[in-house]
Amino acid sequence: MHRRLDFLPRLLESWWCGKKLSLKSRMPVASDEEERSGKVFAVALDVTDNDSIPRAVEAAVERFGGIDVLVNNAGRGLLGALEEISDTEARSLFDLNVFGLINVTRAVLPVMRKQGSGRLVHIGSRSGFEGEPGVSLYSASKFAVAGISEALSAEMAPFGIQSMVVEPGVFRTDFLDASSLSVAGNRISDYDGTPAHVTLDWIDQANHAQLGDPVKGAALIVEVAAADKLPTHLYLGRDTLERLDVKYQQVQDDLAPWREKSAATAHDDAA
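About the thresholds
- Residues numbered from 1 in each chain as written.
- Predicted model: local features only at pLDDT ≥ 70, side-chain atom pairs only at ≥ 80, totals over all residues.
- Heavy atoms only, no water.
- Phe/Tyr/Trp six-rings, centres within 6.5 Å; stacked < 30°, edge-to-face > 60°.
- Helix = DSSP H or I, 4+ residues; strand = E, 2+ residues; numbered from the N terminus.
- Buried < 20%, exposed > 50% of the residue type's maximum accessible area, 1.4 Å probe, protein only.
- Lys NZ or Arg CZ within 6 Å of the ring centre and 35° of its normal.
- Salt bridge = Lys/Arg side-chain N within 4 Å of Asp/Glu carboxyl O.
- Axes fitted to C-alpha atoms, helices over the stretch in contact; angles between N-to-C directions.
- Parallel < 35°, antiparallel > 145°, perpendicular 65-115°, else oblique.
- Left-handed = near helix turned anticlockwise from the far one by under 90°.
- Contact = heavy atoms within 4.5 Å.
- Nonpolar A, V, L, I, M, F, W, Y, C, P; charged D, E, K, R; others polar.

A full pass over the atoms with the stated rule returns two aromatic pairs. Centroid distance F41 to F64: 6.4 Å. Interplanar angle 80°. Geometry classified as edge-to-face. Of this pair, F41 sits in strand β2 (residues 40-44) while F64 sits in helix α3 (residues 52-64), placing them 23 residues apart in sequence. We classify F41 as buried; its relative accessible area is 18%. Positioned above the aromatic ring of F159 is the side chain of R113, whose terminal nitrogen or guanidinium carbon lies 5.9 Å from the ring centre.

Attention now goes to the pattern of salt bridges. All chains considered together, the criterion is met by five salt bridges. Two residues, E130 and R243, come together in a salt bridge whose shortest N-O distance is 2.6 Å. Of this pair, E130 sits in the loop between β5 (118-123) and α5 (136-155) while R243 sits in helix α8 (residues 238-255), and the two are 113 residues apart along the sequence. A residue is classified by how much of its surface remains accessible, and E130, at 7% relative accessible area, is buried. A salt bridge links R187 to D192; the shortest N-O distance between them is 3.4 Å.

Before going further, it helps to spend a moment on the packing of helix α4 (residues 87-115) against α5. Interhelical geometry of α4 versus α5 gives an angle of 15° and a closest axis separation of 9 Å. Here α4 is positioned roughly parallel relative to α5, judged by the angle of their axes. Once α4 is placed against α5, the crossing between them reads as right-handed. Contact with α4, carried on its side by A90, L93, F94, N97, V98, L101, I102, T105 and L109, involves L137, Y138, A140, S141, K142, A144, V145, I148 and L152 of α5 and no other residues of that element. Its residues assigned to classes, the contact of α4 with α5 comprises 14 nonpolar, three polar and one charged.

Shown next as structure tokens:
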């Protein structure tokens, strides 16, 4: 399965009133009733298939006349110590989480530039600002999403297009199911009892018992996306906020003993 649909049904419910939606997925996400309403248009799309992306974008534009908001929700997880993850597993993850997002965004941007408006909403993760044991490659993919979104915020501002990365914590969805989450095929016993494998052991305990409510999370995403100005980052969930505080403190702790020497690396004749 190559779609992270955890938030998509909730976003559909929250966005439904008075809006026209084009849903792009490898699996059905809209009911017959929703499609008959004329407000929902479902298009089959595998974001790792570059040939299908322009056709899906063209179909949406033909149906609705433009694209106001792009939600990049495609993605999956990959757990394991970095040493355990094969090159094939890593590249497959990046093909979906990173290059899929890049290719879909690239296809939509000409439409938004022509309109002179548009909003890009990328579903990242709290793993996109803090690397944690057992999720190194997943974190790397979500760090990439955050960096792309930040750069787009600046690049697209002259065209009236805004970009935001949503960085949720753990929400009670199917994301920890085998349908959305992979584990490295190679397990090295030396990592048993270490932080990398503690994360793997955590999956069964946490699945469908996560802290976050996806209905409330989706409602906030829609509220923020409808505001006049998008934040660069939407930090979503209590655990995300707690880990962000930890990250801020880590930055300060890393910076304090080396700040002066770091600044002193400039040329002597530099202003």
